[in-house]
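Structure assessment
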Amino acid sequence: MKKVGLFGGTFNPPHIGHLMMANEVYAALGLSEVRFMPNAKPPHKDLSRSATNAQRLRMVELAIEDIPYFHVETYELERGGVSYTFDTMKALCEREPQTQFYFIIGGDMIDSLHTWHRIDDLMELVTFVGVKRPGSEAKSTYDVCMVEAPQIDLSSTYIRNRLQQTEAPLQFLLPAAVEQYIRKEGLYGTSNDVGSD
């Protein structure tokens, strides 16, 4: 069976921490590819002050454009509505019965896995792959395949706040193409801000 990593998130914006996580899981598990899957409307986050879905998708495309084994999965954006992982994985497993999916999550997600919608059923559909993040226990009563990776204390929230506070460059935090896009579109309070959806 084809082994595919799925990395879901808001990617608001995508940053080097996301790329490092995906790359380490890809290498450690010998995956065929890793797909970045932007949420349409995540159940636990407010995207009201955010880039639009189209802008978040474009940033992911720019972030991964030079990496041949990274791709975009647009299923949740196309479906719309609240993005419950169980519903998504049920549909993807039906669409691709010859694929074994590995769902990549950070340590903070591992800590809250017991709260996920239909988690017991979801465990039957995918293998969860965990990567520790600073400040998380990365422990769960559920079976999670842990992958060692460099830990970087970086979040999309930090980057959004940084953009609002200073014009300082972000070249070691974001792929250059993503930073250029953010500034061109005026996202997150940058000087060309054209509002949010």
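Residues numbered from 1 in each chain as written. Predicted model: local features only at pLDDT ≥ 70, side-chain atom pairs only at ≥ 80, totals over all residues. Heavy atoms only, no water.

Points about the sheet that holds strand E6 (residues 144-146)
Spatially, the 6 strands line up as an open sheet ordered E3-E2-E1-E4-E5-E6, and their pairing is parallel. Of all the strands in the sheet, just strand E3 (70-72) and E6 have a single pairing partner and so form its edges. Geometrically, the sheet is characterised by an average inter-axis angle of 35° between neighbouring strands, direction not taken into account. Against the sheet, helix H4 (residues 85-95) makes contact with strand E1 (2-9), strand E2 (33-38) and strand E4 (99-106), and its axis sits at roughly 155° relative to E4, the strand it touches most. (Pairing = 2+ DSSP bridges. Helix = DSSP H or I, 4+ residues; strand = E, 2+ residues; numbered from the N terminus. Axes fitted to C-alpha atoms, helices over the stretch in contact; angles between N-to-C directions. Contact = heavy atoms within 4.5 Å.)

Section: the packing of helix H2 (residues 53-64) against helix H8 (residues 176-185)
Two numbers describe how H2 lies on H8: the axes approach to 8 Å, and their chain directions differ by 150°. Relative to H8, the element H2 lies roughly antiparallel. Residues Gln55, Arg58, Met59, Leu62 and Ala63 of H2 form the contact with H8, whose own contacting residues are Ala177, Val178, Tyr181, Ile182 and Glu185. Along the lines of polarity and charge, the residues of the contact of H2 with H8 split into 7 nonpolar, 1 polar and 2 charged. (Parallel < 35°, antiparallel > 145°, perpendicular 65-115°, else oblique. Nonpolar A, V, L, I, M, F, W, Y, C, P; charged D, E, K, R; others polar.)

A word on the pattern of salt bridges
All chains considered together, the criterion is met by 11 salt bridges. With a shortest N-O distance of 3.2 Å, glutamate 61 and arginine 58 are connected by a salt bridge. Here the residue glutamate 61 and the residue arginine 58 both occupy positions in helix H2, the gap between them amounting to 3 residues, near one helical turn. Judged by its relative accessible area of 31%, glutamate 61 is partly exposed. A relative accessible area of 36% means that arginine 58 is categorised as partly exposed. We note a salt bridge from aspartate 121 to arginine 118, for which the minimum N-O separation is 3.0 Å. For aspartate 121, a relative accessible area of 35% puts it in the partly exposed group. (Salt bridge = Lys/Arg side-chain N within 4 Å of Asp/Glu carboxyl O. Buried < 20%, exposed > 50% of the residue type's maximum accessible area, 1.4 Å probe, protein only.)

Observations regarding the side chain of glutamate 73
For glutamate 73, the location among the structural elements is in the loop between E3 and helix H3 (75-79). Here the side chain of glutamate 73 touches tyrosine 75 through a polar contact of 3.0 Å, landing on its backbone nitrogen. Once residues within four sequence positions are removed from consideration, glutamate 73 is found in contact with Leu6, Arg35, Phe36, Met37, Pro38, Leu92 and Arg95. (Polar contact = N/O pair within 3.5 Å; in protein donor to acceptor, adjacent residues only side chain to side chain.)

Here we look at unusual backbone geometry
The amide bond that connects asparagine 12 to the next residue, proline 13, takes the cis arrangement and shows omega of 10°. Topologically, proline 13 is positioned in the loop between E1 and helix H1 (16-29). Located in the positive-phi region is phenylalanine 11, a residue other than glycine, with phi close to 50°. For phenylalanine 11, the location among the structural elements is in the loop between E1 and H1.

Side note on the side chain of serine 83
In this fold, serine 83 is placed in the loop between H3 and H4. In this structure the side chain of serine 83 is engaged in a polar contact, spanning 3.3 Å, whose partner is the side chain of glutamate 76.

A look at helix H7 (residues 156-165)
Inspection of H7 places Ser156, Ile159 and Leu163 among the buried residues, and these make up the whole buried set. Seen from one end, H7 has its buried residues packed into an arc of 60°, which puts them on one side. Turned more than 90 degrees from where H7 packs its buried face, Gln164 and Gln165 sit exposed. (Arc of directions from axis to C-beta.)

Quick word on the nonpolar core
Counting 34 residues, the largest nonpolar core has Phe7, Val25, Val34, Phe36, Met59 and Ile182 as the members making the most contacts within it. By size, the runner-up hydrophobic cluster in this structure holds 20 residues, among which are Phe103, Ile105, Leu113 and Ile119. (Core = buried A, V, L, I, M, F, W, Y, C linked by side-chain atoms within 4.5 Å.)

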